[in-house]
Each structure stands twice: as C-alpha cells, then as structure tokens.
Amino acid sequence: MLETSNMILSPFQLKHLCLKNRAVVAPMSRVSTKGNGVPTASMIEYYKRFAEGEFSLIITEGTYTDHSYSQAYPNQPGLINDAQLDGWHHLVDKVKKSGSSIILQLMHAGALSQHLSDTRSASDVQPLRAMLPGYSQKQGAFPKPHAMNLEEIKTVKLGFIETAKRAEQIGFDGVEVHAANGYLLDQFLTDYTNRREDCYGGNLLNRVRLSSEILQEIKWAVSSEFIVGIRLSQGKVNDFDYLWPGGVDDGAVIFKSLQQAGADYIHFASEGQGFDHGCLTRGGESLPQLASSLTQLPVIANGGLETVSEATRILKNGHGDLISLGKGALANPDWPQKIIQGDTLKAFQPDYFAEGVAL
Ligand SMILES: Cc1cc2nc3c(=O)[nH]c(=O)nc-3n(C[C@H](O)[C@H](O)[C@H](O)COP(=O)(O)O)c2cc1C
C-alpha cells in the first residue's frame, strides 16, 4: 500500500498525458474578462500559479461556446472569435511552459444565464431559486426560458464542436463538456426541467442524448489524442440537494451512454457540501465508483477533498483516479507542493474568491 501522500503524488496516465500527480484544479468561473470574453494578463497569472504549485492538470472555468444563448455571466471568457482564440492561446502556452496540462471547460448556461434576459432551455420551466451573488449585477429570479426547437439544439451542438476544434488548434490538451450543476446539458438530463416529448425528452436515455451527441460529434471533429471528458453532478447551483431519482440505475444509463459516445473521462462534481453529500445516492452508493467500475474510464472525484485524509480516502476506496479541488485550490494554489513538502494547508476564506477575479 502506498504511503498516504504518495498516493496523491503518484503519476496517472490520462490517455496520452502522463500526469505527475492526482491533483487537478476544478473548473471555477472567475468572471474576470473585460466584458469581451478575452482572457486577460491577470487570468494568465492566476492559472500559472496552479501550474507552478505543481497541479498536474488544470480544468479552466466554464467558457461559452456560441453567440446565441450560451453565455452565463457578463465577464465570462468565450472561445468563439479570433480575439478570444489569441487570448487563450497565450494563456495555454504559459501554463504548459509552467508544467501543467490544461483542459478547457465548454459551458452553455441555458436557463441559468445571468447575462441574458431571453434564455433557452430544454423546456419552458421556471428555474428554482435565484441568481448567484458575485457573478453579475443581475440578481433575483431567473427569467423563464423558452423551450429550444431542433434548429436551436443544432446551434448548441455546433457551438460545442467548433469551440472544441478551436481549443485543439491552440494547444489545449482537451475539453470538458459541462453537463453538471444545473446548466443547459443538466437541464436536459433532469426530470423536472425537461418536459420534452421529442427524442431529447421522456426517458433517461433520451434526456442524456444531447450530452452524448455532443461528445460523439466532438470526438469525430478532433484528433484521437485530444481528450474529451464530461462533468456530471446530482446537485445544481440552484438546487444543491437534488439526487438522481433512480440512484445507481440512473447512473448506469448515464455512464454507459456517455462511454458509448466516446467520453475519455468522467468528472463527478459535488458543489457546496462535499463529496458524500453530492456524489452518493440516497442509498449511500458512490456514483463516481459506479462510473469507474461500469465503464473502466478514468474518473475525477470532487467535493471538499482538500485535506490529505479526504483525498486519500477517495483515491484508496476507488471513488476516483484523480481528485479535483475548487476552494482548496483557491486557498492553496500550491496545494501539491505543500503536500510534497509536508507544509500546513490554508483553510479557505471567502475573500479568496476575490483573488484572480477582475484584477
Ligand atoms: C468560484 C467558483 C466558481 C465555479 N465555477 C464552476 C464552473 O465554471 N464550472 C464548473 O463545472 N464548476 C464550477 N464550480 C464548482 C467547482 O468546480 C467545484 O465543483 C466545487 O467548488 C466543489 O469543489 P470544492 O469543494 O473543492 O470547492 C465553481 C466553484 C467555485 C467555488
């Protein structure tokens, strides 16, 4: 058995990438562009800190994918035009030179946009709760979305595919399709936000169809080395306590479908209240562990895993091959280095949200 910290520090092969340890930076929206969606010099410094701190892999903040309805927040980055392409190119070069691999998260906000007033979703269902503080001046209830027609769904798919191609062109190691946390693809997946009666609604296989088609069509459009992962979750930013109603049965349908579509990894998110709250079913079964055993795909686990004991518990018990840190990485951009040196970890404080944002 590996010694505790050695487990976190052991290498892992993710397709062609030889990752030097199991520590991944979780995607975190930082709403730091100047409104044009172009990555800034401050964002380069922000991402470089994680690379210099020895994280083996960084997954970027959710990045919008089309001009139509995808953008979530006013200062969110995009990758849909040449200026944004140049900005990301520069950032990717710097991060890779600092020693980390980097994957771009592709995000469509759907009904949870805090940027648009006229939104699109799977169905015209009023989103629960309210907009997130700190991401835009728009606050209060989300607008009621319009249900997407098939033409609009085509536009969504094209946006994901073209953005993935651009990401490969400028040196990203891969892309992660954001199907978690209540955003568009999760709106299609979730029973109460998807009331469609066409091939994208009804049973679970239909509800996961859009995510599967997007994965498959990205895979067709990029080279075989380019990594195409997917992020899932039970909870949502506007519904933290939601659990998949069918538990492991739902997990089996979703994971198998995404595997057949060609996913290179599954990233299971638990926003808010930690791994056990977000990653276990009502019956206490681990969905990331199920994803791993059913598909044999690499799995990234997430949710309050910044202590050595939690990270080790997850890796040791087969809940994930890699662990991703959100708030723990904001507090400790050099988290892996601290583990190597046996240094004390800083606890997360709310003002760490400010670092790297709008600098
Ligand atoms: C400031 C902030 C922004 C986030 N933005 C994203 C995002 O763009 N995409 C995403 O999939 N998750 C996002 N998340 C969720 C995190 O990736 C992660 O799942 C969550 O923070 C739980 O992990 P932790 O306990 O290690 O912080 C965000 C979280 C934070 C704190």
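Thresholds applied
- Residues numbered from 1 in each chain as written.
- Predicted model: local features only at pLDDT ≥ 70, side-chain atom pairs only at ≥ 80, totals over all residues.
- Heavy atoms only, no water.
- Core = buried A, V, L, I, M, F, W, Y, C linked by side-chain atoms within 4.5 Å.
- Buried < 20%, exposed > 50% of the residue type's maximum accessible area, 1.4 Å probe, protein only.
- Contact = heavy atoms within 4.5 Å.
- Helix = DSSP H or I, 4+ residues; strand = E, 2+ residues; numbered from the N terminus.
- Arc of directions from axis to C-beta.
- Pairing = 2+ DSSP bridges.
- Axes fitted to C-alpha atoms, helices over the stretch in contact; angles between N-to-C directions.
- Salt bridge = Lys/Arg side-chain N within 4 Å of Asp/Glu carboxyl O.
- Near = heavy atom within 4 Å.
- Polar contact = N/O pair within 3.5 Å; in protein donor to acceptor, adjacent residues only side chain to side chain.
- Areas by Shrake-Rupley, 256 points an atom, 1.4 Å probe, with all protein chains shown as cover.
- Phe/Tyr/Trp six-rings, centres within 6.5 Å; stacked < 30°, edge-to-face > 60°.
- Lys NZ or Arg CZ within 6 Å of the ring centre and 35° of its normal.
- Right-handed = clockwise from strand over helix to strand, strands pointing away.
- Parallel < 35°, antiparallel > 145°, perpendicular 65-115°, else oblique.
- Left-handed = near helix turned anticlockwise from the far one by under 90°.
- Nonpolar A, V, L, I, M, F, W, Y, C, P; charged D, E, K, R; others polar.

## Regarding the nonpolar core
Okay, so step 1: Counting 81 residues, the largest nonpolar core has I218, L232 and F255 as its most contacted members.
Okay, so step 2: Residues contacting I218, with those up to four places away along its chain left out, are L106, F160, I161, A164, V175, V177 and V228.
Okay, so step 3: Judged by nonpolar contacts, the second largest core, of 12 residues, contains L19, L57, I227 and I300.

## Section: helix α11 (residues 308-316)
Okay, so step 1: When we look at burial in α11, the residues that qualify are A311, T312, I314 and L315. All buried residues of α11 project into a common sector of 160 degrees when viewed along the axis, lining one side.
Okay, so step 2: Just downstream of α11 lies G318, where phi reads positive at about 70 degrees.

## Here we look at the sheet that holds strand β11 (residues 299-302)
Okay, so step 1: Around the barrel, which closes on itself, the eight strands sit in the order β3-β4-β5-β8-β9-β10-β11-β12 with parallel pairing between neighbours. Looking at each pair of strands side by side, their axes are set apart by 25 degrees on average, direction ignored.
Okay, so step 2: Its contacts with the sheet place helix α2 (residues 41-52) against β3 (23-25) and β4 (57-64), and it is angled at close to 150 degrees to β4.
Okay, so step 3: Against the sheet, helix α7 (residues 209-221) makes contact with β5 (101-107), β8 (174-178) and β9 (227-233), and its axis sits at roughly 165 degrees relative to β9, the strand it touches most.

## Quick word on the pattern of salt bridges
Okay, so step 1: Tallied over the entire structure, the rule returns 18 salt bridges.
Okay, so step 2: Residue K338 pairs with D334 through a salt bridge whose shortest N-O separation is 3.4 Å.
Okay, so step 3: What emerges from the salt-bridge pattern is a single network uniting K15, K219 and D264.

## Here we look at the site of the ligand
Okay, so step 1: Taken together, 19 residues lie near the ligand, and P27, S29, R231, N302 and G304 sit nearest.
Okay, so step 2: P27 places a main-chain nitrogen or oxygen 2.7 Å from an oxygen atom of the ligand.
Okay, so step 3: When isolated, the ligand has an accessible area of 610 Å², and the protein chains bury 95% of it.

## Quick look at the packing of aromatic side chains
Okay, so step 1: Going through the model one piece at a time under the given rule, you end up with 11 aromatic pairs.
Okay, so step 2: Ring geometry for Y46 and Y47: centres 4.9 Å apart, planes at 75 degrees, overall edge-to-face.
Okay, so step 3: A centroid spacing of 4.7 Å and a plane angle of 35 degrees characterise the contact between Y73 and Y135, whose relative ring orientation is tilted. Of this pair, Y73 sits in the loop between β4 and α3 (82-97) while Y135 sits in the loop between β6 (120-121) and β7 (146-147); the two residues are 62 residues apart in sequence, bridging distant segments of the chain.
Okay, so step 4: Taking the relative accessible area as the measure of exposure, Y73 reaches 2% and is therefore buried.
Okay, so step 5: R49 extends its terminal NZ or CZ atom over the ring of F50, reaching a point 5.9 Å from the ring centre.

## Re the pairing of strand β10 (residues 265-269)
Okay, so step 1: Across the five residues of β10, five count as buried, placing the element largely inside the fold.
Okay, so step 2: Bridging between β9 and β10 involves five bridges; their strand directions are parallel. Looking at β10, one finds that S233 is bridged to A269.
Okay, so step 3: Crossover connection from β9 via helix α8 (residues 247-260) to parallel β10: handedness right-handed.
Okay, so step 4: As paired elements, β10 and β11 share three bridges and run parallel to each other. Pairing of I266 across the sheet is with V299, part of β11.

## Section: the packing of helix α4 (residues 150-169) against α7
Okay, so step 1: One can describe the packing of α4 onto α7 by two numbers: an axis separation of 9 Å at closest approach and a directional angle of 40 degrees. Classified by the angle their axes make, α4 and α7 are oblique. Our pair here, α4 against α7, has a crossing hand that is right-handed. Contact residues: α4 offers I153, V156, K157, F160, I161, A164 and K165, while α7 offers L210, E213, I214, E217, I218 and A221.
Okay, so step 2: Tallied by class, residues from the contact of α4 with α7 come to nine nonpolar, no polar and four charged.

## Considering the environment of R129
Okay, so step 1: Checked against the element boundaries, R129 lands in the loop between β6 and β7.
Okay, so step 2: Judged by relative accessible area, R129 falls into the exposed class, the value being 57%.
Okay, so step 3: Not counting the four nearest positions on each side in its chain, R129 is found in contact with A141, F142, N238, D239 and F240.
Okay, so step 4: A polar contact of 2.9 Å, which involves the side chain of R129, links it to the backbone oxygen of N238.

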